[in-house]
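Each chain, letter by letter, is given below.
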Amino acid sequence: MRERLQELKEQALAQVTEAQDVKALQEVRVAYLGKKGPITEVLRGMGKLSAEERPLIGQMANEVRDEIKSAIETKEVALETAAVEAKLAKESIDVTLPGRPQKTGARHPLTAVVEEVEDAFLGLGFSVAEGPEVETDYYNFEALNLPKDHPARDMQDSFYFTDELLLRTHTSPVQARTMEKFEGRGPVKIICPGKVFRRDDDDATHSHQFMQIEGLFVDKNVRMSDLKGVLEAFAQSFFGPDRSIRLRPSFFPFTEPSVEVDVSCGMCGGEGCRVCKNTGWIEVLGAGLIHPKVLEMSGFDSKEYSGFAFGMGVERLAMLKYDIDDIRHFYTNDVRFLAQFKRV
Ligand SMILES: [Zn+2]
(Lines give C-alpha, C1' and ligand atoms only; values in the text may rest on other atoms or scores of the structure.)
Protein backbone atom coordinates (compact mmCIF):
# COMPACT_ATOMS: atom_id res chain seq x y z
CA MET A 1 0.00 0.00 0.00
CA ARG A 2 2.91 2.29 0.73
CA GLU A 3 4.30 1.61 -2.71
CA ARG A 4 0.90 2.30 -4.29
CA LEU A 5 0.71 5.69 -2.54
CA GLN A 6 4.29 6.55 -3.48
CA GLU A 7 3.56 5.64 -7.07
CA LEU A 8 0.41 7.77 -7.15
CA LYS A 9 2.31 10.72 -5.72
CA GLU A 10 5.03 10.53 -8.35
CA GLN A 11 2.52 10.18 -11.18
CA ALA A 12 0.45 13.13 -9.97
CA LEU A 13 3.44 15.43 -9.45
CA ALA A 14 4.78 14.55 -12.92
CA GLN A 15 1.43 15.47 -14.45
CA VAL A 16 1.34 18.74 -12.51
CA THR A 17 4.77 19.62 -13.86
CA GLU A 18 3.68 18.85 -17.40
CA ALA A 19 0.39 20.80 -17.22
CA GLN A 20 0.48 23.73 -19.62
CA ASP A 21 -2.68 25.52 -18.51
CA VAL A 22 -5.20 25.81 -15.70
CA LYS A 23 -7.58 23.41 -17.44
CA ALA A 24 -4.98 20.58 -17.46
CA LEU A 25 -4.29 21.23 -13.77
CA GLN A 26 -7.99 20.96 -13.03
CA GLU A 27 -8.02 17.54 -14.69
CA VAL A 28 -5.12 16.38 -12.49
CA ARG A 29 -6.97 17.60 -9.42
CA VAL A 30 -10.13 15.67 -10.30
CA ALA A 31 -8.21 12.53 -11.30
CA TYR A 32 -6.16 12.21 -8.08
CA LEU A 33 -8.01 14.06 -5.35
CA GLY A 34 -11.65 13.58 -6.44
CA LYS A 35 -14.12 11.39 -4.57
CA LYS A 36 -13.65 8.59 -7.08
CA GLY A 37 -9.85 9.08 -7.24
CA PRO A 38 -7.20 6.47 -6.37
CA ILE A 39 -6.26 8.05 -3.05
CA THR A 40 -9.84 7.92 -1.79
CA GLU A 41 -9.82 4.33 -2.94
CA VAL A 42 -6.70 3.54 -0.86
CA LEU A 43 -8.29 5.11 2.21
CA ARG A 44 -11.42 3.01 1.70
CA GLY A 45 -9.33 -0.18 1.72
CA MET A 46 -7.77 0.63 5.11
CA GLY A 47 -10.32 -1.57 6.91
CA LYS A 48 -8.29 -4.59 5.84
CA LEU A 49 -5.15 -3.34 7.56
CA SER A 50 -3.95 -4.18 11.02
CA ALA A 51 -4.57 -1.76 13.87
CA GLU A 52 -0.88 -0.77 13.97
CA GLU A 53 -0.60 -0.11 10.27
CA ARG A 54 -3.87 1.77 9.86
CA PRO A 55 -2.83 5.16 11.36
CA LEU A 56 0.52 5.06 9.52
CA ILE A 57 -1.06 4.47 6.12
CA GLY A 58 -3.77 7.02 6.94
CA GLN A 59 -1.14 9.60 7.79
CA MET A 60 0.83 8.82 4.63
CA ALA A 61 -2.28 9.07 2.44
CA ASN A 62 -3.05 12.48 3.97
CA GLU A 63 0.51 13.64 3.37
CA VAL A 64 0.41 12.49 -0.26
CA ARG A 65 -2.92 14.27 -0.77
CA ASP A 66 -1.61 17.51 0.79
CA GLU A 67 1.54 17.36 -1.28
CA ILE A 68 -0.36 16.93 -4.56
CA LYS A 69 -2.80 19.68 -3.55
CA SER A 70 -0.05 22.15 -2.74
CA ALA A 71 1.84 21.26 -5.96
CA ILE A 72 -1.32 22.01 -7.97
CA GLU A 73 -1.82 25.36 -6.16
CA THR A 74 1.79 26.42 -6.72
CA LYS A 75 1.60 25.52 -10.39
CA GLU A 76 -1.71 27.37 -10.73
CA VAL A 77 -0.19 30.60 -9.41
CA ALA A 78 2.82 30.16 -11.73
CA LEU A 79 0.57 29.65 -14.76
CA GLU A 80 -1.54 32.71 -13.93
CA THR A 81 1.52 34.90 -13.46
CA ALA A 82 2.93 33.69 -16.77
CA ALA A 83 -0.37 34.45 -18.50
CA VAL A 84 -0.41 38.02 -17.14
CA GLU A 85 3.20 38.56 -18.14
CA ALA A 86 2.56 37.27 -21.66
CA LYS A 87 -0.42 39.62 -21.97
CA LEU A 88 1.62 42.59 -20.74
CA ALA A 89 4.44 41.80 -23.14
CA LYS A 90 1.98 41.64 -26.02
CA GLU A 91 0.31 44.93 -25.11
CA SER A 92 3.40 46.91 -24.16
CA ILE A 93 3.76 50.42 -25.59
CA ASP A 94 6.82 51.24 -27.61
CA VAL A 95 7.62 54.71 -26.36
CA THR A 96 10.14 55.23 -29.14
CA LEU A 97 7.41 55.18 -31.83
CA PRO A 98 6.52 58.62 -33.22
CA GLY A 99 3.19 59.96 -31.90
CA ARG A 100 0.07 60.43 -33.99
CA PRO A 101 -0.48 64.15 -34.57
CA GLN A 102 -3.77 65.56 -33.26
CA LYS A 103 -5.54 67.69 -35.82
CA THR A 104 -6.48 70.96 -34.17
CA GLY A 105 -8.35 73.88 -35.62
CA ALA A 106 -7.26 77.49 -35.41
CA ARG A 107 -8.88 80.86 -35.04
CA HIS A 108 -9.84 82.45 -38.34
CA PRO A 109 -7.47 85.36 -39.09
CA LEU A 110 -10.42 87.78 -39.07
CA THR A 111 -11.46 86.58 -35.61
CA ALA A 112 -7.86 86.93 -34.43
CA VAL A 113 -7.73 90.53 -35.74
CA VAL A 114 -11.09 91.46 -34.17
CA GLU A 115 -9.93 90.08 -30.82
CA GLU A 116 -6.65 91.95 -31.03
CA VAL A 117 -8.39 95.24 -31.86
CA GLU A 118 -10.86 94.63 -29.02
CA ASP A 119 -7.97 94.05 -26.61
CA ALA A 120 -6.31 97.31 -27.65
CA PHE A 121 -9.49 99.35 -27.10
CA LEU A 122 -10.59 97.54 -23.94
CA GLY A 123 -7.21 98.63 -22.55
CA LEU A 124 -8.22 102.23 -23.33
CA GLY A 125 -11.49 101.90 -21.43
CA PHE A 126 -13.83 101.09 -24.33
CA SER A 127 -16.43 98.32 -24.14
CA VAL A 128 -17.77 96.12 -26.95
CA ALA A 129 -21.30 96.69 -28.32
CA GLU A 130 -23.21 94.65 -30.88
CA GLY A 131 -26.29 95.17 -33.03
CA PRO A 132 -28.46 93.45 -35.64
CA GLU A 133 -27.17 92.64 -39.13
CA VAL A 134 -30.66 93.16 -40.58
CA GLU A 135 -31.19 96.86 -39.99
CA THR A 136 -33.81 99.51 -40.60
CA ASP A 137 -33.27 102.32 -43.08
CA TYR A 138 -33.59 104.73 -40.15
CA TYR A 139 -30.65 103.38 -38.12
CA ASN A 140 -28.50 102.48 -41.12
CA PHE A 141 -28.86 105.88 -42.83
CA GLU A 142 -31.19 108.52 -41.45
CA ALA A 143 -29.96 108.54 -37.84
CA LEU A 144 -26.46 108.99 -39.29
CA ASN A 145 -27.34 112.14 -41.21
CA LEU A 146 -27.97 110.30 -44.50
CA PRO A 147 -31.55 111.25 -45.46
CA LYS A 148 -33.27 109.30 -48.25
CA ASP A 149 -32.06 111.61 -51.04
CA HIS A 150 -28.45 111.87 -49.82
CA PRO A 151 -25.96 111.17 -52.64
CA ALA A 152 -23.55 109.36 -50.25
CA ARG A 153 -26.09 106.52 -50.12
CA ASP A 154 -24.96 105.57 -53.63
CA MET A 155 -21.63 104.36 -52.23
CA GLN A 156 -23.45 102.03 -49.86
CA ASP A 157 -25.95 100.17 -51.99
CA SER A 158 -27.11 97.12 -50.08
CA PHE A 159 -29.45 94.13 -50.12
CA TYR A 160 -33.00 95.20 -49.31
CA PHE A 161 -35.78 93.04 -47.86
CA THR A 162 -38.29 95.88 -48.07
CA ASP A 163 -37.87 99.64 -48.63
CA GLU A 164 -37.28 100.04 -44.90
CA LEU A 165 -35.35 96.84 -44.07
CA LEU A 166 -31.86 95.97 -45.35
CA LEU A 167 -28.60 94.23 -44.55
CA ARG A 168 -26.58 96.90 -42.75
CA THR A 169 -23.89 98.56 -44.89
CA HIS A 170 -21.73 99.54 -41.92
CA THR A 171 -21.60 99.00 -38.16
CA SER A 172 -22.49 102.67 -37.52
CA PRO A 173 -26.16 101.87 -36.69
CA VAL A 174 -24.85 100.18 -33.52
CA GLN A 175 -23.43 103.58 -32.54
CA ALA A 176 -26.80 105.28 -33.11
CA ARG A 177 -28.64 102.55 -31.16
CA THR A 178 -26.15 102.70 -28.26
CA MET A 179 -26.26 106.51 -28.04
CA GLU A 180 -30.06 106.36 -27.83
CA LYS A 181 -29.82 103.97 -24.87
CA PHE A 182 -27.76 106.50 -22.92
CA GLU A 183 -30.63 109.04 -23.15
CA GLY A 184 -28.45 112.08 -23.56
CA ARG A 185 -26.05 111.32 -20.71
CA GLY A 186 -22.40 110.51 -21.41
CA PRO A 187 -19.80 109.26 -21.44
CA VAL A 188 -20.38 106.64 -24.15
CA LYS A 189 -17.24 104.72 -25.03
CA ILE A 190 -17.74 101.70 -27.28
CA ILE A 191 -16.37 99.76 -30.20
CA CYS A 192 -18.65 97.68 -32.41
CA PRO A 193 -17.20 94.89 -34.50
CA GLY A 194 -19.41 93.00 -36.95
CA LYS A 195 -20.33 91.83 -40.44
CA VAL A 196 -21.56 94.34 -43.00
CA PHE A 197 -22.88 93.97 -46.56
CA ARG A 198 -22.78 95.99 -49.75
CA ARG A 199 -23.81 95.36 -53.32
CA ASP A 200 -20.35 95.04 -54.82
CA ASP A 201 -18.55 93.02 -57.47
CA ASP A 202 -16.09 90.71 -55.72
CA ASP A 203 -12.42 91.06 -56.66
CA ALA A 204 -9.04 91.02 -54.90
CA THR A 205 -9.94 94.02 -52.72
CA HIS A 206 -13.77 94.03 -52.72
CA SER A 207 -16.26 91.65 -51.18
CA HIS A 208 -20.05 91.92 -50.89
CA GLN A 209 -19.65 90.85 -47.27
CA PHE A 210 -16.90 92.11 -45.01
CA MET A 211 -16.23 93.14 -41.42
CA GLN A 212 -15.90 96.49 -39.77
CA ILE A 213 -14.95 97.74 -36.37
CA GLU A 214 -16.25 101.15 -35.47
CA GLY A 215 -15.58 103.12 -32.35
CA LEU A 216 -17.41 105.93 -30.61
CA PHE A 217 -16.59 108.24 -27.75
CA VAL A 218 -19.12 110.83 -26.55
CA ASP A 219 -18.47 113.01 -23.54
CA LYS A 220 -18.06 116.63 -22.55
CA ASN A 221 -15.10 118.39 -24.21
CA VAL A 222 -14.01 115.58 -26.54
CA ARG A 223 -11.58 117.09 -29.03
CA MET A 224 -9.71 116.21 -32.20
CA SER A 225 -6.55 115.71 -30.12
CA ASP A 226 -8.34 112.98 -28.13
CA LEU A 227 -9.16 111.21 -31.38
CA LYS A 228 -5.58 111.42 -32.55
CA GLY A 229 -4.22 110.17 -29.23
CA VAL A 230 -6.56 107.17 -29.13
CA LEU A 231 -5.86 106.18 -32.74
CA GLU A 232 -2.11 106.55 -32.31
CA ALA A 233 -2.22 104.31 -29.21
CA PHE A 234 -4.23 101.78 -31.20
CA ALA A 235 -1.90 101.86 -34.24
CA GLN A 236 1.13 101.30 -32.04
CA SER A 237 -0.58 98.48 -30.16
CA PHE A 238 -1.75 96.74 -33.35
CA PHE A 239 1.05 97.42 -35.85
CA GLY A 240 4.03 98.03 -33.55
CA PRO A 241 5.45 100.69 -31.22
CA ASP A 242 7.56 102.32 -33.95
CA ARG A 243 4.56 103.28 -36.11
CA SER A 244 3.04 106.75 -36.33
CA ILE A 245 -0.18 108.09 -37.83
CA ARG A 246 -1.21 111.12 -39.86
CA LEU A 247 -4.63 112.63 -40.46
CA ARG A 248 -5.82 113.86 -43.87
CA PRO A 249 -9.02 115.88 -44.46
CA SER A 250 -11.90 113.82 -45.82
CA PHE A 251 -15.70 113.67 -45.92
CA PHE A 252 -18.25 111.48 -44.13
CA PRO A 253 -21.85 112.62 -43.65
CA PHE A 254 -21.88 111.66 -39.96
CA THR A 255 -18.65 113.42 -38.87
CA GLU A 256 -17.45 116.99 -39.10
CA PRO A 257 -14.56 117.51 -39.55
CA SER A 258 -13.74 114.14 -41.10
CA VAL A 259 -10.31 112.60 -41.64
CA GLU A 260 -8.64 109.66 -43.32
CA VAL A 261 -6.08 108.09 -41.03
CA ASP A 262 -2.82 106.74 -42.41
CA VAL A 263 -0.25 104.67 -40.54
CA SER A 264 3.43 104.88 -41.40
CA CYS A 265 4.57 102.08 -43.71
CA GLY A 266 6.08 99.18 -41.77
CA MET A 267 7.91 97.83 -44.80
CA CYS A 268 10.06 100.90 -45.52
CA GLY A 269 9.64 102.86 -42.29
CA GLY A 270 8.26 105.85 -44.21
CA GLU A 271 10.95 105.99 -46.93
CA GLY A 272 8.57 104.90 -49.68
CA CYS A 273 8.27 101.47 -51.27
CA ARG A 274 6.05 99.24 -53.41
CA VAL A 275 3.68 98.46 -50.51
CA CYS A 276 2.95 102.12 -49.70
CA LYS A 277 3.13 103.18 -53.36
CA ASN A 278 6.15 105.35 -52.51
CA THR A 279 4.21 107.58 -50.13
CA GLY A 280 5.55 106.18 -46.86
CA TRP A 281 1.97 105.94 -45.55
CA ILE A 282 -0.82 103.36 -45.66
CA GLU A 283 -4.49 104.28 -45.33
CA VAL A 284 -6.14 102.27 -42.54
CA LEU A 285 -9.33 103.97 -41.38
CA GLY A 286 -11.75 106.88 -41.48
CA ALA A 287 -12.66 109.04 -38.51
CA GLY A 288 -13.90 112.41 -37.36
CA LEU A 289 -15.76 114.42 -34.75
CA ILE A 290 -19.41 113.37 -34.58
CA HIS A 291 -21.68 115.68 -36.56
CA PRO A 292 -23.82 117.76 -34.15
CA LYS A 293 -26.92 116.65 -36.04
CA VAL A 294 -26.07 112.97 -35.36
CA LEU A 295 -25.62 113.73 -31.65
CA GLU A 296 -28.97 115.56 -31.54
CA MET A 297 -30.79 112.77 -33.37
CA SER A 298 -29.46 110.29 -30.80
CA GLY A 299 -30.67 112.43 -27.90
CA PHE A 300 -27.48 114.30 -26.94
CA ASP A 301 -27.27 118.08 -26.49
CA SER A 302 -24.59 119.02 -29.02
CA LYS A 303 -23.79 122.23 -27.07
CA GLU A 304 -22.91 120.19 -24.01
CA TYR A 305 -21.53 117.03 -25.57
CA SER A 306 -19.07 116.29 -28.34
CA GLY A 307 -17.45 113.12 -29.50
CA PHE A 308 -15.47 111.26 -32.10
CA ALA A 309 -16.10 108.17 -34.19
CA PHE A 310 -13.89 105.99 -36.34
CA GLY A 311 -14.32 102.95 -38.52
CA MET A 312 -12.00 100.42 -40.09
CA GLY A 313 -12.20 97.34 -42.26
CA VAL A 314 -11.11 94.17 -40.50
CA GLU A 315 -10.05 92.49 -43.76
CA ARG A 316 -7.85 95.46 -44.64
CA LEU A 317 -6.19 95.34 -41.21
CA ALA A 318 -5.59 91.60 -41.58
CA MET A 319 -4.24 92.00 -45.13
CA LEU A 320 -1.81 94.69 -43.96
CA LYS A 321 -0.74 92.81 -40.86
CA TYR A 322 -0.25 89.38 -42.46
CA ASP A 323 0.63 90.52 -46.00
CA ILE A 324 -2.41 88.86 -47.62
CA ASP A 325 -2.96 89.81 -51.25
CA ASP A 326 -6.58 88.81 -51.91
CA ILE A 327 -9.65 89.48 -49.74
CA ARG A 328 -11.35 86.36 -51.13
CA HIS A 329 -8.92 84.14 -49.20
CA PHE A 330 -10.86 85.01 -46.03
CA TYR A 331 -14.09 83.52 -47.34
CA THR A 332 -13.15 80.54 -49.51
CA ASN A 333 -12.10 78.40 -46.51
CA ASP A 334 -9.04 76.88 -48.14
CA VAL A 335 -7.43 74.86 -45.33
CA ARG A 336 -3.93 75.56 -46.72
CA PHE A 337 -4.55 79.28 -46.24
CA LEU A 338 -6.19 78.99 -42.83
CA ALA A 339 -3.56 76.58 -41.45
CA GLN A 340 -0.97 79.36 -41.69
CA PHE A 341 -2.70 81.20 -38.85
CA LYS A 342 -2.52 78.47 -36.24
CA ARG A 343 -0.21 80.49 -34.04
CA VAL A 344 -1.82 83.85 -34.60
ZN1 LIG B 1 6.60 101.65 -47.71
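Conventions used here
- Residues numbered from 1 in each chain as written.
- Predicted model: local features only at pLDDT ≥ 70, side-chain atom pairs only at ≥ 80, totals over all residues.
- Heavy atoms only, no water.
- Helix = DSSP H or I, 4+ residues; strand = E, 2+ residues; numbered from the N terminus.
- Rg over C-alpha atoms; globule rule 2.2 N^0.38 Å.
- Areas by Shrake-Rupley, 256 points an atom, 1.4 Å probe, with all protein chains shown as cover.
- Lys, Arg positive; Asp, Glu negative; His and termini not counted.
- Charge placed at Lys NZ, Arg CZ, Asp CG, Glu CD.
- 1 Å grid on protein atoms, 1.4 Å probe; cavity = no way out; pocket = protein on both sides within 12 Å on 5 of 7 lines; lining within 4 Å.
- Points joined across faces, edges and corners; volume = space filled by probe spheres on them.
- Nonpolar A, V, L, I, M, F, W, Y, C, P; charged D, E, K, R; others polar.
- UniProt positions renumbered as here; feature names shortened; annotations may be inferred.
- Donors = N, O, S within 2.8 Å, 3.2 Å for Na, K, Ca; no water.
- Tetrahedral: all angles 85-135°; square planar, octahedral: opposite > 155°, others 65-115°.
- Buried < 20%, exposed > 50% of the residue type's maximum accessible area, 1.4 Å probe, protein only.
- Pairing = 2+ DSSP bridges.
- Contact = heavy atoms within 4.5 Å.
- Axes fitted to C-alpha atoms, helices over the stretch in contact; angles between N-to-C directions.

**Q** Explain the overall build of the chain here, please?
**A** From N to C terminus, the chain includes 11 helices and 10 strands. Taken against the 2.2 N^0.38 rule, which gives 20 Å for 344 residues, the C-alpha radius of gyration of the chain at 44 Å runs more than 25% over that of a compact globule. In terms of its C-alpha atoms, the chain occupies a principal-axis envelope of roughly 135 × 50 × 40 Å. For the chain, the exposed area adds up to about 19,800 Å²; of that, 52% sits on carbon and sulfur atoms. In the chain, 44 positive and 56 negative side-chain charges are present, and the distance between their average locations comes to 6 Å.

**Q** Explanation requested: empty space enclosed by the protein in the structure shown.
**A** It is a probe the size of a water molecule, rolled over the atoms, that shows where empty space is left. Applying the stated rule across the entire model yields two cavities of 30 Å³ or more. There is about 60 Å³ of room inside the largest cavity. Considering the residues around the largest cavity, the lining is formed by Leu144, Gln175, Met179, Leu216, Phe254, Thr255, Ile290, Val294 and Ala309. Split into classes, the residues belonging to the lining of the largest cavity amount to seven nonpolar, two polar and no charged. Reported here for the second largest cavity is a volume of approximately 30 Å³. Lining the second largest cavity are Leu231, Phe234, Ala235, Phe239, Ile245, Val261, Val284 and Leu285. Those elements that provide at least two residues to the lining of the second largest cavity are α8 (224-238) and β9 (281-290). The element that contributes the greatest number of residues to the lining of the second largest cavity is α8, accounting for three residues. For the lining of the second largest cavity, a count of residues per class yields eight nonpolar, no polar and no charged.

**Q** Can you walk me through the UniProt feature "domain: Aminoacyl-transfer RNA synthetases class-II family profile" (unreviewed entry) in the chain in this structure?
**A** Taking the UniProt record as the reference, the feature "domain: Aminoacyl-transfer RNA synthetases class-II family profile" (unreviewed entry) is found at residues 111-340. For residues 111-340, the end-to-end C-alpha separation is 14 Å, with 26% helix and 30% strand making up the annotated structure.

**Q** Explain the coordination of the zinc ion to me, please; I cannot follow it from the model alone.
**A** Around a metal, the idealised angle for a tetrahedral arrangement of four donor atoms is 109.5 degrees; for an octahedral arrangement of six donor atoms it is 90 or 180 degrees. Cys265 (SG), Cys268 (SG), Cys273 (SG) and Cys276 (SG) make up the full set of protein donors to the zinc ion, lying at 2.2 to 2.3 Å. With four donor atoms in place around the zinc ion and angles of 105 to 114° between them, the coordination shape is tetrahedral. When the donor residues of the zinc ion are listed from N- to C-terminus, their spacing reads C-x2-C-x4-C-x2-C. When sorted by exposure, Cys265 lands in the same class as Cys268, which is buried.

**Q** Help me understand the pairing of strand β8 (residues 255-264), please; the structure alone is not making it clear to me.
**A** For a regular strand, the rule is simple: side chains alternate between the two faces of the sheet. Counting buried positions along β8 gives eight out of 10 residues, so the element sits mostly inside the fold. The pairing of strand β7 (residues 245-252) with β8 spans seven bridges and is antiparallel. Bridge pairing in β8 places Ile245 opposite Val263. From the end of β7 to the start of β8, which pair antiparallel, there are two residues. Relative to β9, β8 is paired through eight bridges, and the arrangement is antiparallel. Bridge assignment links Val263 to a residue of β9, and that residue is Ile282.

**Q** Would you mind going over the sheet that holds strand β6 (residues 209-219) with me for this structure?
**A** Strand pairing in a sheet relies on backbone hydrogen bonds, with the paired strands running either antiparallel or parallel. What the seven strands build is an open sheet, ordered β1-β5-β6-β10-β9-β8-β7; its pairing is mixed. Each of the sheet's edge strands pairs with one partner strand only, and the pair in question is β1 (127-128) and β7. When strand β5 (residues 188-197) meets β6, the two strands line up antiparallel, connected through 10 bridges. Residue pairing across strands places Ile190 opposite Leu216, the latter belonging to β6. With respect to the sheet, helix α7 (residues 172-181) is in contact with β5, β6 and β10 (306-313), its orientation differing from that of β6 by roughly 30°.

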